[in-house]
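# Fold and contact review
Take a look at the letters that make up each chain.
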Amino acid sequence: MTNFPRAAVIGNPISHSLSPKLHNYWLQRYGISGQYEALDVSKDMLEATIRALPAQGFIGANVTIPHKVSVMKLAHHVTDRATLIGAANTLIFKNDGRVFADNTDGYGFMANMRQGAPGWDPKSGPAAIFGAGGAARAIIVALADVGVPEIRLANRTRLKAEALKAEFGARIRVFDWVQAGSMLDGATTVINTTSLGMKGAQEFKVSLAELSPDAVVTDIVYNPLRTQFLEAAAAKGCQTVDGLGMLLHQGVPGFERWFGTRPEVDEDTRRAVLS
Ligand code: ATR
């Protein structure tokens, strides 16, 4: 066993994850002896892996696709926000072997918006969200928490947006995917949570004709960093925030809990992760 603390990101596949670069950069920057690894773990090995890690010097882990939902039932304590979101992305292993699960995606979203668009006020008007998957759930919970007056949702599979409305309540308005552009009228926060625009995926083709230049626009896609969606919004005069920061900021609470230092997300961090 190693004599320094270890943490990991657990997923399948995992080779594309930027988390090892991020956390190992922070460890080096703050002079902390520790190690952050990528663990490729299949669904049938998830429980055995999580039970085995603490004895191998692991103090916690990030969890990514496809384990964010299933890891919840393996934890001894789940935070309220992870329960609300229905998924966990950050685990802390206690000394007595118990597993504590949290979700920091909503925190990462808010911190990225606040850093990337100073002056952004989520309470100033409706938020419009494209997509109704796991990332949308975390963002809905975060926005509801800070008092956004209305959340507009459009998803290719309308039923999934309706299910979110049934779960999260009256503040949500569902729009049809074929007229998704109409939900932009008057929206002051606009978020793409679909995979559209990602390298290798289809382009995001929703009309931005109704988009107001006052809106702050963000995309959870960060490869490419400047998606066509963000470029089109910027061309309309909107403030835009790229998606890399959400990934970087969601790592902050875990790193702080595991290694005792609250890490900075700045240009150097971005450069380190993109290098
Ligand atoms: P994540 O956890 O990143 O949100 P997800 O749960 O798989 O990932 O959600 C992906 C989102 O992208 C969904 O809203 C999905 O729409 P469906 O619910 O209809 O599947 C959306 N998405 C993916 N490919 C799409 C496409 N070609 N056109 C429109 N939406 C798409």
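Okay, so let's go over this structure. (Residues numbered from 1 in each chain as written. Predicted model: local features only at pLDDT ≥ 70, side-chain atom pairs only at ≥ 80, totals over all residues. Heavy atoms only, no water.)

Next up on the list: helix α7 (residues 228-235). Residues of α7 that are buried include every one of F229, L230 and A233, and no others. Down the axis of α7, the sector holding all buried residues measures 95°, keeping them to one side. Residues of α7 that are exposed and point over 90 degrees away from its buried face: Q228 and A235. The secondary structure elements touched by the buried residues of α7 are β7 (127-130), β10 (189-192), β11 (216-219) and β12 (239-241). Among the residues trailing α7, G237 stands out with phi positive, at a value near 100°. (Buried < 20%, exposed > 50% of the residue type's maximum accessible area, 1.4 Å probe, protein only. Helix = DSSP H or I, 4+ residues; strand = E, 2+ residues; numbered from the N terminus. Arc of directions from axis to C-beta. Contact = heavy atoms within 4.5 Å.)

Glancing now at the pairing of strand β8 (residues 151-154). Neither face of β8 is open: one carries I151 and L153, the other R152 and A154, and all of them are buried. Alignment of β7 against β8, held across four bridges, turns out to be parallel. Bridge assignment links F130 to a residue of β8, and that residue is A154. Note that β8 and strand β9 (residues 172-175) share four bridges and pair parallel. Looking at the pairing, R152 lines up with R173 of β9. At this point the chain moves from β8, through helix α6 (residues 158-168), to the parallel β9, and the crossover so formed is right-handed. (Pairing = 2+ DSSP bridges. Right-handed = clockwise from strand over helix to strand, strands pointing away.)

Summarising the element assignment, T49 is placed in helix α2 (residues 46-52). Between the alpha carbons of T49 and R98 there is a distance of 14 Å; along the sequence they are 49 residues apart.

What the six strands build is an open sheet, ordered β2-β1-β3-β5-β6-β4; its pairing is mixed. In the strand order of this sheet, the two ends are held by β2 (35-40) and β4 (77-78), each with one partner. Sheet contacts for helix α1 (residues 19-29): β1 (6-11), β2 and β3 (58-63); angle to β2, the most-contacted strand, approximately 170°. (Axes fitted to C-alpha atoms, helices over the stretch in contact; angles between N-to-C directions.)

Moving on to the nonpolar core. By size, the foremost hydrophobic cluster in this structure holds 24 residues, and its most contacted members are F109, W120, I129 and L143. Going through the elements one at a time, α4 (105-116), β7, α5 (134-145), β8, α6 and β9 are the ones with two or more residues in this core. Ranked by residues supplied to this core, first place goes to α5 with five residues. Excluding residues that lie within four positions of it along the chain, F109 makes contacts with W120, I139, L143, I191, T218 and M246. With 22 residues, the next largest nonpolar core counts A7, V252, F255 and V273 among its residues. (Core = buried A, V, L, I, M, F, W, Y, C linked by side-chain atoms within 4.5 Å.)

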